[in-house]
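If you want the building blocks of each chain, they are given just below.
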Protein chains: 2
Amino acid sequence: MPKIDLDAVPEVSRTGYPKPYAAAVAGRHYRRLGAAAGLGDFGVNLCRLEPGAWSSQRHWHSSEDEFVWMVAGEAVLVTDAGETLLRAGDCAAFPAGDPDAHHLINRSAGEALFLVVGSDKPADTCHYPDVDLHLPRNDGGFTRKDGTPY
Amino acid sequence: MPKIDLDAVPEVSRTGYPKPYAAAVAGRHYRRLGAAAGLGDFGVNLCRLEPGAWSSQRHWHSSEDEFVWMVAGEAVLVTDAGETLLRAGDCAAFPAGDPDAHHLINRSAGEALFLVVGSDKPADTCHYPDVDLHLPRNDGGFTRKDGTPY
C-alpha cells in the first residue's frame, strides 16, 4: 500500500561523522521514509531530535537541494544570518549551491520532529564552515579541510 | 532567509485539466513552496483541499516520484486497492513507474492540508485510468486517450 506504516520503518541513529563531531548528533534519530517506500529521485527522512541534539554539523551542499518541514515540537535554525525558531508548521529551504550553512538545534525541553527532503547526487560536495570537516563527494568519505581522510 | 514565510507565497488554484475534469479540483489550492525558495531538484507544494475537493484526477507517473505528508485535517487516499484514510501525521509514497493510480479526496467537513513532494521530469508521462485524459509529456499538453489534443 502507498500509505507508509511509520512504525514499520526502523529508526536509525547512525552517523558517518568522525570524532569529535559525532557527539552533537548522538540524540538525532531518523526514519528513511522515501527509501522504505522505494523512492529514488529524492530522500525523505522523518527526523527526531532529543533535547540538546543537533540535526547535523552546520553545512551547505554544492549540488543538493534540501527542504525541512517542522512536524512537532520546535528547533532553532542556525544560519550565517543568525538564529530563527522553527515551530510545528514552519518550513525552510536550502537551494543547492547557496553557501549559507545551516543546521537545526533542539534547545527545547521536548522532542522535535521534522521532515527533511533532499536530492541525492553522488558528486555533491558538502561544506562545513565551523569545523575541520569536508565531504568532497556524497559517495565518498569525510576528510579534514586539508584533504587528509579521517 | 531560509525560513519560508508561508503567507508571502501566493496560493494558486489553477489547473490544466480540460472540462469536465477541472471541476473536481476547483476546491484545491496550493502554495509552490519549493519554487518560491529557489529549489530546482524537486517540487514542494502545500496543498489545501476544501470539503469535497480532489487533489487531482486519479493518476500515476511513468518517471516521477511523489510523496505526501498530511499536515492537518484528513483525506481519503484512493488507489487500485481501495481507500485509506490519511490523518495528520500520516504519509504515503508513489514511486515512479508504479501503475497504481492514486489521488486524495477530502470527504470531511473541514479543510485538509498536506505537503506534496514530487520530482519534475519533462519526459514524464502521466496516466489517468478513470477518465479520457492523458499527458504524454510533463512539458506538453493534455490529450484524450486516442491522442487527440484538448
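Because the structure is a prediction, the values reported are computed rather than measured.

For the rest of this paragraph, the subject is the overall build of chain A. Scanning chain A for helices and strands turns up one helix and 12 strands. With respect to the three principal axes, the spread of C-alpha positions in chain A is 45 × 35 × 25 Å. By residue count, 36% of the 150 residues in chain A fall in the buried class. Across chain A, contacts joining residues at least 24 apart in sequence account for 61% of those joining residues at least 6 apart.

Below, the discussion takes up the pairing of strand S3 (residues 43-49) of chain A. All names here are of chain A. Extensive coverage of S3 is indicated by the burial of five of its seven residues. Pairing of strand S2 (residues 28-32) with S3 involves five bridges; the strand directions are antiparallel. Counted as the bridge partner of Tyr 30 is Cys 47 from S3. Direction of pairing for S3 relative to strand S10 (residues 112-118): antiparallel, over a ladder of seven bridges. From the neighbouring strand, Cys 47 faces S10, where its bridge partner is Phe 114.

With that settled, consider the relation of the copies chain A and chain B. A rotation about an axis combined with a shift along that same axis relates the two copies of the chain. Between the two copies, chain A and chain B, the superposition gives an RMSD of 0.0 Å; the rotation angle is 180° and the shift along the axis is 0.0 Å. In short, the pair behaves as if placed about a two-fold rotation axis. Interface overlap between copies is the fraction of interface residues in one copy that are interface residues in the other; for chain A against chain B it reaches 100%, indicating a shared surface.

Each partner contributes residues to the interface: chain A has 33 residues there, and chain B has 33 residues. For the side of chain A that touches chain B, the elements supplying multiple residues, two or more each, are helix H1 (33-36), strand S5 (66-72), strand S6 (74-79), strand S7 (82-87), strand S8 (91-94) and S10 of chain A. Sorting elements by how many residues they give to the side of chain A that touches chain B places S8(A) first, with four residues. In terms of residue class, the side of chain A that touches chain B is built from 21 nonpolar, seven polar and five charged.

Here Gly27(B) shows up in the loop between strand S1 (11-12) and strand S2 (28-32). Filtering out sequence-adjacent residues up to four positions away, Gly27(B) remains in contact with Leu49(B), Glu50(B), Gly52(B) and Ala53(B).

A separate point is the confidence of the model for chain A. Per-residue confidence for chain A averages 97 on the pLDDT scale, and 100% of its residues sit at or above 70. For this predicted complex, the interface confidence reaches an ipTM of 0.96, while the overall pTM sits at 0.97.

This next bit is on the pairing of S7(A). Regular strands have side chains that alternate between both faces of the sheet. All names here are of chain A. Sheet topology places S6 next to S7; six bridges connect them, and they run antiparallel. When the bridges of S7 are listed, Thr 79 appears paired with Gly 82. Here S6 folds back onto S7, and the loop between the two strands holds two residues.

Conventions used here
- All residue numbers refer to position in the chain's written sequence, counted from 1.
- Written order decides the labels, with chains lettered from A and ligands numbered from 1.
- Per-residue local features of the predicted model are confined to residues with pLDDT of at least 70, and side-chain atom pairs are confined, for both listing and counting, to 80 or more; whole-chain, interface and lining totals are unaffected and use all residues.
- Secondary structure is summarised from DSSP: a helix means a run of H or I of at least four residues, a strand means a run of E of at least two, and numbering begins at the N terminus for each.
- Counting other C-beta atoms within 10 Å of a residue's own tells you its class, since 20 or more makes it buried, 12 or fewer makes it exposed, and anything in between is partly exposed; those C-beta atoms are placed from the backbone.
- For the purpose of contact definition, each residue receives a C-beta atom placed from its backbone, and two residues are in contact when these atoms lie within 7 Å.
- Whether two strands pair comes down to DSSP finding at least two bridges between them.
- All copies are superposed by least squares; the fitting set is the C-alpha atoms of residues with a pLDDT of at least 70 in both.
- Asp, Glu, Lys and Arg are counted as charged, while Ala, Val, Leu, Ile, Met, Phe, Trp, Tyr, Cys and Pro are counted as nonpolar; the rest, among them Gly, fall into the polar class.
- The quantity called pLDDT is the predictor's confidence in a given residue, expressed from 0 to 100.

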